[in-house]
Protein chains: 2
Amino acid sequence: MAQKITPRATDYSQWYIDIVINAKLADYAPVKGCMVVRPRGYALWERIQQGLDGLFKATGHVNAYFPLLIPESFIKKEAEHVEGFAPELAVVTHAGGEKLEEPLVIRPTSETIIWSMYKKWIQSYRDLPILINQWCNIIRWEKRTRLFLRTTEFLWQEGHTAHATSAEAEEETLRMLGVYRTFAEEYMAVPVLHGVKTDSEKFAGAVRTYCIEAMMQDRKSLQAGTSHYLGQNFAKAFDVTFQTKDKTLDHVWATSWGASTRLIGAIIMAHSDDKGLVLPPRLAPIEVVIVPIFKNETKDAVVAFARKLRDTLAADFRVLLDEDDQNTPGWKFSEYELQGIPVRLEVGPRDMEKGQVVAVRRDTGEKAFIPVSEAGATLRALMQAIQTSLYQRALKFRTDNTFRARDYAELGKFLDDPGGFVEAGWCGDAACEARVKEETKATIRLLPLDKKETGGVPCVVCGKSARDIAVFGRAY
Amino acid sequence: MAQKITPRATDYSQWYIDIVINAKLADYAPVKGCMVVRPRGYALWERIQQGLDGLFKATGHVNAYFPLLIPESFIKKEAEHVEGFAPELAVVTHAGGEKLEEPLVIRPTSETIIWSMYKKWIQSYRDLPILINQWCNIIRWEKRTRLFLRTTEFLWQEGHTAHATSAEAEEETLRMLGVYRTFAEEYMAVPVLHGVKTDSEKFAGAVRTYCIEAMMQDRKSLQAGTSHYLGQNFAKAFDVTFQTKDKTLDHVWATSWGASTRLIGAIIMAHSDDKGLVLPPRLAPIEVVIVPIFKNETKDAVVAFARKLRDTLAADFRVLLDEDDQNTPGWKFSEYELQGIPVRLEVGPRDMEKGQVVAVRRDTGEKAFIPVSEAGATLRALMQAIQTSLYQRALKFRTDNTFRARDYAELGKFLDDPGGFVEAGWCGDAACEARVKEETKATIRLLPLDKKETGGVPCVVCGKSARDIAVFGRAY
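Chains are numbered independently. Their residues run from 1 in the order of the written sequence. Ligands are numbered from 1 and chains lettered from A, in the order in which they are written. Whole-chain, interface and lining totals are the exception, using all residues; otherwise, since this is a predicted model, local features are given only for residues with pLDDT of at least 70 and side-chain atom pairs are given and counted only at 80 or more.

Let's shift gears to the overall build of chain A. Across its full length, chain A holds 14 helices and 23 strands. A compact globule built from 476 residues should have a C-alpha radius of gyration of about 23 Å, and chain A, at 25 Å, falls within 12% of that. Looking at chain A as a whole, 51% of its 476 residues qualify as buried. In chain A, the proportion of contacts linking residues at least 24 apart, taken out of those at least 6 apart, comes to 68%. Secondary structure elements are taken from DSSP: a helix is a run of H or I of four residues or more, a strand is a run of E of two residues or more, and numbering for both begins at the N terminus. Based on C-alpha atoms, the radius of gyration is set beside the globule rule, defined as 2.2 Å times the residue count to the power 0.38. Neighbour counting defines burial: a residue surrounded by 20 or more other C-beta atoms within 10 Å of its own C-beta is buried, one with 12 or fewer is exposed, and intermediate counts give partly exposed, using backbone-placed C-beta atoms. C-beta atoms are first placed from the backbone for all residues, and any pair lying within 7 Å is then listed as a contact.

With that out of the way, let us pick up the relation of the copies chain A and chain B. Alignment of copies: least-squares fit on C-alpha atoms of residues with pLDDT of at least 70 in both copies. After a rotation of 180° and a shift along the axis of 0.0 Å, chain A superposes on chain B with an RMSD of 0.0 Å. Interpreted geometrically, this transformation is the action of a two-fold axis. Minimal C-alpha separation from the rotation axis in chain A is found for A:V92, amounting to 2.1 Å. Comparing interface residues between copies, 100% of those in chain A also lie at the interface in chain B; the contact surface is shared.

Our focus in this paragraph is the interface of chain A and chain B. Many structure descriptions define interface size as the accessible area lost when the parts assemble. Contacts between chain A and chain B engage 42 residues on the former and 42 residues on the latter. Looking at the side of chain A that touches chain B, the elements with two or more residues in it are β2 (35–37), α2 (39–58), β3 (62–63), β4 (69–71), β5 (90–95), α5 (111–121), β7 (130–139) and β8 (153–163) of chain A. For the side of chain A that touches chain B, the leading source of residues is β5(A), giving six residues. Residues were grouped as follows: Ala, Val, Leu, Ile, Met, Phe, Trp, Tyr, Cys and Pro as nonpolar; Asp, Glu, Lys and Arg as charged; and all remaining residues, including Gly, as polar. Tallied by class, residues from the side of chain A that touches chain B come to 29 nonpolar, seven polar and six charged. The pairing of β5(A) with strand β5 (residues 90–95) of chain B spans five bridges and is antiparallel. In the strand pairing of β5(B), A:A95 is matched with B:A90. Should DSSP find at least two bridges between two strands, the strands are regarded as paired.

Okay, unusual backbone geometry next. Cis geometry marks the peptide bond from A:D417 to A:P418, where omega comes out at 10°. Tracing the sequence through the fold places A:P418 in the loop between α13 (408–416) and β21 (421–426). Not every positive phi belongs to a glycine, and A:A189 is a case in point at roughly 60°. Within the element layout of this structure, A:A189 appears in the loop between α6 (166–187) and β9 (193–196). Positive phi, close to 55°, is recorded for B:D239, a residue that is not glycine. Inspection of the secondary structure assignment puts B:D239 in the loop between α7 (233–237) and β12 (241–243).

Where each domain starts and ends follows an automatic or database-derived domain assignment. We note that the domain assignment places domain 1 (12–271), domain 2 (288–382) and domain 3 (402–473) within chain A. One C-alpha centre belongs to domain 1 of chain A, the other to domain 2 of chain A, and the line joining them spans 41 Å.

Let's shift gears to the sheet that holds β4(A). Reading across from one edge, β4(A)-β6(A)-β5(A)-β5(B)-β6(B)-β4(B) is the order of the six strands in this open sheet, with antiparallel pairing throughout. The sheet is open, and its two edges are formed by β4 of chain A together with β4 (69–71) of chain B, each paired on a single side. In this sheet, neighbouring strand axes are inclined to one another by 45° on average, regardless of whether the strands run parallel or antiparallel. Throughout, an axis means a line fitted to C-alpha atoms (over the contacting stretch in the case of helices), and angles, computed between N-to-C directions, take values from 0 to 180 degrees.

Here we come to the pairing of strand β21 (residues 421–426) of chain B. Residue and element names in this part refer to chain B. Along β21, six of the six residues are buried, which leaves the element largely enclosed by surrounding structure. Residues F421, E423 and G425 point to one face of β21 and V422, A424 and W426 to the other, with burial holding for every one of them. Pairing between strand β20 (residues 402–404) and β21: three bridges, direction parallel. Across the sheet, the residue bridging to R404 is E423, located in β21. Look down the strands so they point away from you; if the path from the first strand over the helix to the second goes clockwise, the crossover is right-handed. For the segment spanning β20, helix α13 (residues 408–416) and β21, crossover handedness is right-handed. Bridge count between β21 and strand β23 (residues 468–473): five bridges; the pairing is antiparallel. For E423, the partnering residue across the bridge sits in β23 and is V471.

Now for the packing of helix α2 (residues 39–58) of chain B against helix α6 (residues 166–187) of chain B. Residue and element names in this part refer to chain B. It is at 10 Å that the axes of α2 and α6 come closest, and there the two elements cross at 140°. By the angle between their directions, the pair α2 and α6 is classed as oblique. The crossing of α2 and α6 is right-handed. Residues G51, L52 and L55 of α2 form the contact with α6, whose own contacting residues are V179, T182, F183 and Y187. Comment on the angle field: the value is read as roughly parallel under 35 degrees, roughly antiparallel over 145, roughly perpendicular from 65 to 115, and oblique elsewhere. Helix crossings are classified by the rotation of the near helix relative to the far one: an anticlockwise turn of less than a right angle makes the crossing left-handed, while a clockwise turn makes it right-handed.

This paragraph deals with the nonpolar core. For this entry, the nonpolar core is defined as buried Ala, Val, Leu, Ile, Met, Phe, Trp, Tyr and Cys residues connected by C-beta atoms within 7 Å. Counting residues in each nonpolar core, the largest one holds 316 residues, and the members touching the most others are A:A214 and B:A214. For B:A214, the residues in contact, after removing those within four places along its chain, are B:A184, B:V190, B:P191, B:V192, B:L222, B:A224, B:A266 and B:A270.

For helix α12 (residues 375–400) of chain B, built from 26 residues, the straight-helix expectation of 38 Å at 1.5 Å per residue is met to within 8% by its first-to-last C-alpha distance of 36 Å. Within α12(B), the full set of buried residues consists of B:A375, B:L379, B:L382, B:M383, B:I386, B:Q387, B:L390, B:Y391, B:A394 and B:R398. Working rule for helices: expected span equals 1.5 Å times residues minus one.

Another aspect to go through is the packing of helix α9 (residues 299–313) of chain B against α12(B). Residue and element names in this part refer to chain B. The interhelical angle for the contact between α9 and α12, taken along N-to-C directions, is 60°, at an axis separation of 10 Å. Between α9 and α12, the crossing angle belongs to the class labelled oblique. Relative to α12, the crossing made by α9 is right-handed. Contacts from L309, T312 and L313 in α9 reach A375, G376 and L379 in α12. Class assignment of the residues belonging to the contact of α9 with α12 gives a composition of four nonpolar, two polar and no charged.

To continue, consider helix α8 (residues 262–271) of chain B. Counting buried residues in α8(B) gives 10 out of 10 residues, a clear majority hidden from the surface. For α8(B), the set of buried residues is B:R262, B:L263, B:I264, B:G265, B:A266, B:I267, B:I268, B:M269, B:A270 and B:H271.

Looking now at the environment of A:A86. Inspection of the secondary structure assignment puts A:A86 in the loop between α4 (79–85) and β5. Taking C-alpha positions, A:A86 is 20 Å from A:W257, a pair spaced 171 residues apart along the chain.

All names here are of chain A. Ordered in space as β3-β7-β8-β14-β11-β10-β9-β22-β23-β21-β20, the 11 strands form an open sheet in which the pairing is mixed. Unpaired on one side and paired on the other, β3 and β20 (402–404) mark the two borders of the sheet. The sheet contact formed by β7 and β8 spans 10 bridges and is antiparallel. Note that in β8 the partner of N137 across the bridge is L155. Each of β8, β10 (208–215), β11 (221–231) and β14 (253–260) touches helix α8 (residues 262–271); the most contacted strand, β11, lies at about 145° to it.

The next point concerns the pairing of β9(A). Residue and element names in this part refer to chain A. Where burial is concerned, the two faces of β9 agree: the one with L193 and G195 and the one with H194 and V196 are both buried. Examined bridge by bridge, β9 and β10 share four bridges and lie antiparallel to one another. Following the sheet pairing, G195 is matched in β10 by C211.

In this section: the environment of A:Q223. Residues and elements named next belong to chain A. Structurally, Q223 is set in strand β11. As a C-alpha pair, Q223 and A29 span 194 residues in sequence and 24 Å in three-dimensional space. The contact partners of Q223, leaving out residues within four places of it in the chain, are C211, E213 and A475.

pLDDT measures the predictor's confidence residue by residue and takes values from 0 up to 100. Predicted confidence across chain A gives a mean pLDDT of 97, with 99% of residues reaching 70 or more. Across the interface, the model reports ipTM at 0.97; the global pTM reads 0.97.

Note on placement: B:L193 falls in strand β9 (residues 193–196). Along the sequence, B:L193 and B:R445 sit 252 residues apart, while their C-alpha atoms lie 9.2 Å from each other.

Put into C-alpha cells, the structure is as follows:
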C-alpha cells in the first residue's frame, strides 16, 4: 500500500526521503553512505543515460572504459587535484591475499588514469581531438550523505577530451555546458542558471569550472552538471605532448565534464508534491498507466477493452496496464501518483460503452474525457503540455525566488527569508566570498555567463567596486 | 597505418593480442591485469549490451544497481562462496583518511550484497519473484590475464533472481542459459554447447552451474556464459525467509547468471583471420564502410555520389563514409579489414557512370557489382548471408574437431592432436576428473543437457561404468 509521505511544509528533507524510499527509487545499502538504486530509480537513470548519451554522440563523442583502480602516485601528480581529492579517497591496500607494493585508489574521477593513457595514444596533431566519454561508478568518501544527492558511491558519466589548441578546448567546455543545459531544461524540465564557478569552488585541477545550477522547491540550489576547462594542467602532470602542424612540440589542452545520479535527486526535488513523485514525461520510464475499473461481472469486457487500448498506445508510448484484481482502483490511483506516472487513464464499463477514457494528469490532477479513437493524439499533446508546464512552473518559482541585494544586510535577509538565489555585486576577492559563507552558509553558486553589467554597484561585502554580479545561494 | 598481424599459424596467442591492440579494441592499463576498453571495443560492448539487455527485458527482468563495496563479513557468510573467492579479493582498508573498522571488498560477484538487500525486501510470496539484473564492473585479482578473456577488472551483467519454489528457480536458471545460447548463436554467430558443470567446476556457492562453451579457432574451449541454480544457499546464509501461500515460512530460492566483456574475446577468436577482426553483422558497430576512389579531378563528383549513397543507406544500416584524401584506397581497405567491418563498398568514377558499386565481403573477400538502386536490398541479404555463413563455418569447425575417445590413450591423443572437444564416458568420480586435468590439462567442459545415452561405455579413466558422456577440452 502507498505509504504516507511527510508533507513538504512539515519537513522538506523527510518529504524527499519518503519519496525516494516509498516510490522504491533507492534504498540504503549496508555500507555507510552507499545506496542501492532500485529498479524504478534505475529505469529513470536509463532514460537519463539514453538522453545524455544521444546528445554526446550527436556532438561527436564516443564511449570507452578506463580502470576503476588508480595507482596512488597518479593522483598525486597534479598538485591541486590531490589536495582536493585526497580526503575523499578509498584505498585498496591488499589484493589477491597480499599487501600491494603501491596502494591503489578507487577513482574519485578519472583525469589521472585517462591522461596516463592519452600519453600513449597522442603523438601528433593528427591524433587530436580525442572526444571520449565514459559511464561508470565513482567513490568519494563523503561525511554527510543523502540518497541520490550525495552518496559515497554514485554513477555518472565523465567526458575527457584532448585538443590541439586552447581555443578548441574552451569551445568544447562551453559546448558540453550547453549540452547539460539543454538536457536539464528540455528533458528534465528543470530551468538552470549557467555560469562559471569562483576559484574557491572550482574543480581541483581545473583552470575554470562552468556549471549549471537549479533551484529546488526549498529554494536551495543544486549543482546539476559541471564542465571544466583544464588547460594544460593534466597534460603537464603526465607529460603529454604532441607535434603541432608547424612541427613544434606543445602540451595537449584538455576538458572534462560530468553529470551523475544526482540528476535523479534534482528531478524529484524540482517537480514532486505531497502525493509523491512527479516525473517529466520525456524521462518517465512509464508515461501512461491504464487502470481498468470493473466488478466481477464486467471484468472480462473492461479488461479486454483496456488491453486493446494498451496495444494501440504501446507503439507510441511507454504504457503499463494494471489488470490486478486484488487492489482497488483507489489504491492504484495513489500508488501510481506516488510513482509519478505522468498520465493515468481510467476505463470503466460506462466509458467503454461511450468509447471514451478518463485521462488524469499527474502534475495538476486535471481530468478529461477522451474519445478512444483520439487517445493517441490527445496523449501526445498532453505529454507535451505536462513537459512544458513543469518547466514553466519551475521557472516561475525560480523567478519569484530570485532577489537582488543592495547591501550585506539585505543579502542575509533574503537568504534567510524566503531563501533562493540572491544576486549581488562582488569585488572578486576570495575573502569577501569566504565571509559570506562563514556567516550565512551561502556560497557563490556561479558568475552568470550572460554577464550582467555590474552598473557600478559596490561589492555586497566590502563595498569596493564590484567586478561581477554573483549569484549567492545555499546549496545541496 | 594498419600494423602487421602475426599469422595464426605462427603464434595464435600473439595473433589474438595483435588484433586487440591494432584494431584498437583495448589497451593495457597501468594497473597489472587491468585493461582499457578503447572506443572501438566499447562500441562492440554497447551492441552486446543492447542485445542481451533486450533479451533480459523480454523475459521480464529489470535492471538495478547495487554497491561496489561489500563488507568483508558478508563474503564469509556462505562457506563455499568465500572459499572460492577469497584468493581473488581486492580489499579497501582505508577511506576518507582513516582506517576502516571493517575492511570492504570490491565485488567479485554480488550475491552477498544483493541477498542482504533481498532480506529487507522479501516478506511474503507476494514479493516474489524478484527478477533483477545489473550491469557493472567486477574485480577478481587474477594471476594470469589476457585482454578481454581474463582481466583483473571486467565489465559484465549479473542477474540475481529470487523465487518461491525450487522448480521456479530451476526453470529460471535454464531460461537464462537459453538466453545466453540464443545470444551466442544468433547475435555472435558462435555455436555453443550447453550443459551442466561438474561439482569441481561449478560456481562457489551454487547447487548447480549451467554453462555455454564455444570452440575457438585454436580448438580450445571458452566458457561464454554461466547460469547458476543457487537453491537456498544464499537465502540461508542471509536468513531470507518468506511467508508462503499456505502461511508457512520458507527460505527463498535463488538463481544468478552472468556474461562479461569476455564475449568480445570469444567473437574475436571465433571469426577473425590473419587480416584482422571479422565481426558478425548483427553486432558490428559499423556494418558498411563506403570508400570512394577518386583522383583530384573526379573527387567532387565521386564524393557527392558516395554521400548520397551513405544518406540512403543510413536509414537501415550503421554506415561510415571515409572521405579522407590523405590515405590511399588500398590503405583504407586494409584498415577496415583490420577493423572487421562486414561489408566494404567501393565507388569509383566508372562505377558512378554505371550506377553501381562494388561490394566486398569481409569474411570471404568475395566481390560483387551491385546496382545502386538495389544497394539496400542487396546489403540486407548480404548481412544475413555473412551472419549465417560465420555461424556455419564455426559450426563446421567445431564438428570437425569434436571426437569420441574410447579409452584414456585416445583421450590424450585427441587432446594433443588436433585438440578440440573430446567426448568420453565418465563415472562421475571427481578423482577421475582430477587425473585428466593433472595429466592432460583438459577439464570436463560440461555434461551435455541433451544428455547422450552412455550406451554402456566405461569411464575413460577408471573403466567403471560411465554415468555421463562428458565433454573434455582445454580451455581459456
